[in-house]
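Structural overview
Take a look at the letters that make up each chain.
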Amino acid sequence: MSITPPRDKSRLGTRTRLVHAGRDPSQQHGFVNTPIYRGSTVLYESYDALKNRRAEYTYGTTGTPTVRALESAWTELAGAAGTVLTPSGLAAVTVGLLSCLKAGDHLLVTDSAYRPTRVFCDGFLTRFGVETTYYDPTIGAGIADLMRDNTAAVLTEAPGSQSFEMQDIPAIAEVAHARGACVLMDNTWATPLLFPPHERGVDIAIEAGTKYLSGGSDLLLGLTSANAKYWPALRRTFDQFAMCAGAEDVFLALRGLRTLPLRLREHGEQALKLARWFQGRPEVARVLHPALPEDPGHAIWSRDFLGASGLFSIILKPCPEAAVAAMLDGLELFGMGFSWGGFESLVIPFDCAPYRTANPWAPGGPGLRFQVGLEDLEDLTRDLEAGFARLRAAA
């Protein structure tokens, strides 16, 4: 058996490609995994090599073999022209936005966006002369009515990370491109495995590798990929900030990449079963999960997505906050903590009302977002049944 990577990957399935992507044992003395390269200084062979930067690696901030391995693997998976790695998912958002915006520009952002993204737009971008307008995530091609002569970019996220509205990405992309605007997407929920962003019209795609790529809740990482049109600007912006990801985090993400399809499939199947279980609970008013036929965004999800991941929300029937606290405080298998995508199940209460501006958030009851892990589903439902009993007792 050769230790060099397969020459023609076009005939290989996704799982096989992810086993081999960004990995070349022939360049690392036969060892299977690319090792962790830590370093700032790179030594050059000669005066001429240093003067003219004649080296594959020139300084630690421009990349290492470990970084290059994940960049190339993610570029292949996403169908992109190139990828940069950042130290967090939010950093991946910001470097993407800064790649296509300048002072005087107008930015359209979905009202369902990750809240820290809104903080960046309302704070940093405002100070540097970029105006942000938030739009109804279900607007689709109607976004044409919000486009201005100076609209430079449209930021999408599907589904919304708490409220789970689906967006018609191809329709939005068609309108934005006709007006010369860049389309960005936070694709963390689906990853490129379940939604190929660049194939669907996205110019710059953003992924919080902290989530599913990690799978272990033990690293911070962002990935921003771009098509051929926007790749030079993305790389240039990244280099100007030197927004580097940690070497060990990159190594762990490469390890997570190999099992990503298997874990994502299990998360998705578990979550859909639990979502259906919630539909039968008398305490639940509504389940927000686009893979459910009853969901308002189901048709778009069925058309554009290749599956679902393990994150969704529920809306409880009206009850006191103390009852929700009693339910959550006694859970044994669902931790309460931000983030998601790890092997463990999580839950957080949420309320979008304080910051939504394009369309009011009034679901009629408290919201809970669930990250469904890899535990036995029967154990999770038993834990939740006890939680609902505490909720009823405190109501």
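Residues numbered from 1 in each chain as written. Predicted model: local features only at pLDDT ≥ 70, side-chain atom pairs only at ≥ 80, totals over all residues. Heavy atoms only, no water.

The chain has the name Cystathionine beta-lyase in an unreviewed UniProt entry, where Methylobacterium tarhaniae is given as its organism. In its Catalytic activity (unreviewed entry) section, the UniProt record describing the chain reads: "L,L-cystathionine + H2O = L-homocysteine + pyruvate + NH4(+)". (UniProt positions renumbered as here; feature names shortened; annotations may be inferred.)

**Section: helix α12 (residues 377-394)**
Across its 18 residues, α12 extends 26 Å between first and last C-alpha, which sits within 8% of the 26 Å expected from 1.5 Å per residue. Among all positions in α12, only Leu377, Leu380, Thr381, Asp383, Leu384, Gly387, Phe388 and Leu391 are buried. Projection of α12 onto a plane perpendicular to its axis shows the buried side chains occupying an angular sector of 155°, all on one side. Set apart from the buried face of α12 by more than 90 degrees, the exposed residues are Glu378, Arg382 and Ala393. Residues of α12 that are buried make contact with α9 (247-279), β8 (284-288), β9 (311-316), α11 (321-329) and β11 (367-371). (Helix = DSSP H or I, 4+ residues; strand = E, 2+ residues; numbered from the N terminus. Expected span 1.5 Å × (residues − 1). Buried < 20%, exposed > 50% of the residue type's maximum accessible area, 1.4 Å probe, protein only. Arc of directions from axis to C-beta. Contact = heavy atoms within 4.5 Å.)

**Quick word on the environment of Phe251**
Position of Phe251 relative to the elements: it lies in helix α9. Along the primary structure Phe251 and Asn52 are separated by 199 residues, whereas in three dimensions their C-alpha atoms are 30 Å apart. Once you skip the residues sitting within four places of it in the chain, Phe251 turns out to touch Asn33, Thr34, Pro35, Ile36 and Thr66.

**Here we look at the sheet that holds strand β2 (residues 106-110)**
An order of β1-β7-β6-β5-β4-β2-β3 is seen for the 7 strands of this open sheet, with the pairing classed as mixed. The two strands at the open ends of the sheet, each matched to only one other strand, are β1 (82-86) and β3 (131-135). Taking the axes of each pair of neighbouring strands and ignoring which way they run, one obtains an average angle of 20° across the sheet. Pairing of strand β5 (residues 182-186) with strand β6 (residues 204-208) involves 3 bridges; the strand directions are parallel. Residue pairing across strands places Met185 opposite Ala205, the latter belonging to β6. (Pairing = 2+ DSSP bridges. Axes fitted to C-alpha atoms, helices over the stretch in contact; angles between N-to-C directions.)

**Examining the nonpolar core**
One finds Leu221, Phe278 and Phe312 to be the most contacted residues of the largest nonpolar core, which totals 84 residues. The dominant element in this core, judged by the number of residues it contributes, is α9, at 11 residues. For this core, the two domains that each supply at least three residues are domain 1 (14-255) and domain 2 (260-394). With 28 residues, the next largest nonpolar core counts Cys100, Leu125, Val130 and Ile206 among its residues. (Core = buried A, V, L, I, M, F, W, Y, C linked by side-chain atoms within 4.5 Å. Domains from an automatic or database assignment.)

**Notes on the UniProt feature "modified residue: N6-(pyridoxal phosphate)lysine" (unreviewed entry) in the chain**
In the numbering used here, UniProt assigns the feature "modified residue: N6-(pyridoxal phosphate)lysine" (unreviewed entry) to Lys211. Along the chain, the position of Lys211 falls in the loop between β6 and β7 (222-226). Taking relative accessible area as the criterion, Lys211 reaches 10% and is therefore assigned buried. Those residues in contact with Lys211 that sit more than four places away from it in its chain are Thr188, Ser339, Trp340 and Gly341.

**Description of the domain arrangement of the chain**
As far as domains go, the chain holds domain 1 (14-255) and domain 2 (260-394). The gap between the C-alpha centroids of domain 1 and domain 2 is 27 Å. Contacts between the two partners involve 38 residues from domain 1, matched on the other side by 40 residues from domain 2. Approximately 3500 Å² of surface area, both sides summed, lies buried where domain 1 meets domain 2, with 62% of it carried by carbon and sulfur atoms. When the buried surface of domain 1 facing domain 2 is broken down by residue, Gln162, Trp189 and Tyr212 rank first, second and third, together holding 23% of it. Between the two partners, domain 1 and domain 2, sit 3 salt bridges. Between Asp111 and Arg356 there is a salt bridge; the shortest N-O distance is 3.1 Å. Where domain 1 touches domain 2, the interface holds 20 residue pairs in polar contact (both at pLDDT 80 or more). Those elements giving two or more residues to the side of domain 1 that touches domain 2 turn out to be α1 (14-20), α5 (115-127), β3 and α7 (191-194). In the side of domain 1 that touches domain 2, the residues fall into 17 nonpolar, 12 polar and 9 charged. (Buried area = accessible area lost by both parts, 1.4 Å probe. Salt bridge = Lys/Arg side-chain N within 4 Å of Asp/Glu carboxyl O. Polar contact = N/O pair within 3.5 Å; in protein donor to acceptor, adjacent residues only side chain to side chain. Nonpolar A, V, L, I, M, F, W, Y, C, P; charged D, E, K, R; others polar.)

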